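Summary of structural features
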Amino acid sequence: MMLTKSTREALDRTHAWAKRSVKQHKKTERNDYKQFLFGIVQGAQHKVLREESARTISAMDFDGIAIGGESIGYNMEATKEILSWVMPLIPEDKPHYTMGVGYSPTDFFDVVEHGVDMFDCVAPTRIARNGALYVSPEVKEHDKKYTITITRAEYREDKNPIDPSCTCHTCKNYSRAYIHHLFRAGEMLGYRLATIHNVHFLLQLMRDMRNAIKEDKFLEMKKKWM
Ligand SMILES: [Zn+2]
């Protein structure tokens, strides 16, 4: 990727805004309501800009550090490369947040391994509404994103829950066949039950991941998934 004049200017603008934000935030801070301000590391896919941005943002008085940019979360190979450049430059005692990560369960392993604590992504609810439902590695019919497509004919009479190991409201009360029927009929409840499952599934995955880190079993857990 070419480092253009406009990329340079955009990064300088980001840093100028960051400086103004910190200043303004301090001025308006309230004792009864703490609001956290995060700085965002930018710099596209240029190592030199990313490193400069990581240093500049880390030197400012932010509560947490985010890593942003359009490739984060969309291109996981680029995401991992960018994290390998910037994470060693970011203070360890502040929360780290990758903006836009969380399409597939495997994406979390990639960024958590680099020391990231927080994520956000529209994909889990969007793909739920398209009938793509997360399952654990034990459910053999998953694709490479660890989803099954509930609208497929093979689930028409499947009395199992989406994922037998899932403890969500949907899996405890409804079968794949019923959710398949709701999707085929265009019933709103189908999208809702699917969304409940996908969100619950990822929250549980993160709980399990936190426990695995505490017990020093993160890599063991990752191996099971990847
Ligand atoms: Zn579930």
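Residues numbered from 1 in each chain as written. Predicted model: local features only at pLDDT ≥ 70, side-chain atom pairs only at ≥ 80, totals over all residues. Heavy atoms only, no water.

As a further point, take the nonpolar core. Val41, Phe62, Ile67, Val86 and Ile90 are the most contacted members of the largest nonpolar core, which totals 21 residues. The set of elements that each furnish at least two residues to this core consists of helix 1 (5-27), helix 2 (47-59), strand 2 (64-67) and helix 3 (76-86). The element best represented in this core is helix 3, accounting for 5 residues. Discounting chain neighbours no more than four positions away, the residues touching Ile67 are Val41, Arg50, Ile72, Ile82, Leu83, Val86, Met87, Ile90, Tyr97, Thr98 and Met99. (Core = buried A, V, L, I, M, F, W, Y, C linked by side-chain atoms within 4.5 Å. Buried < 20%, exposed > 50% of the residue type's maximum accessible area, 1.4 Å probe, protein only. Helix = DSSP H or I, 4+ residues; strand = E, 2+ residues; numbered from the N terminus. Contact = heavy atoms within 4.5 Å.)

What follows concerns the environment of His46. Position of His46 among the secondary structure elements: in the loop between strand 1 (38-41) and helix 2. For the pair His46 and Leu3, spaced 43 residues apart in sequence, the C-alpha separation works out to 7.1 Å. Once residues within four sequence positions are removed from consideration, His46 is found in contact with Met1, Met2, Leu3, Thr7 and Trp85.

On to the coordination of the zinc ion. Taken together, the protein donors to the zinc ion comprise Cys166 (SG), Cys168 (SG), Cys171 (SG) and His197 (ND1), at separations of 2.1 to 2.3 Å. Taken together, the 4 donor atoms surrounding the zinc ion define angles of 100 to 117° at the centre, an arrangement classified as tetrahedral. All donors of the zinc ion belong to a single chain; written as a sequence motif, their spacing is C-x1-C-x2-C-x25-H. With Cys168 in the loop between strand 6 (147-149) and helix 6 (169-173) and His197 in helix 8 (residues 188-214), this residue pair connects regions lying 29 residues apart in the sequence. Grouping residues by exposure puts Cys168 and His197 together as buried. (Donors = N, O, S within 2.8 Å, 3.2 Å for Na, K, Ca; no water. Tetrahedral: all angles 85-135°; square planar, octahedral: opposite > 155°, others 65-115°.)

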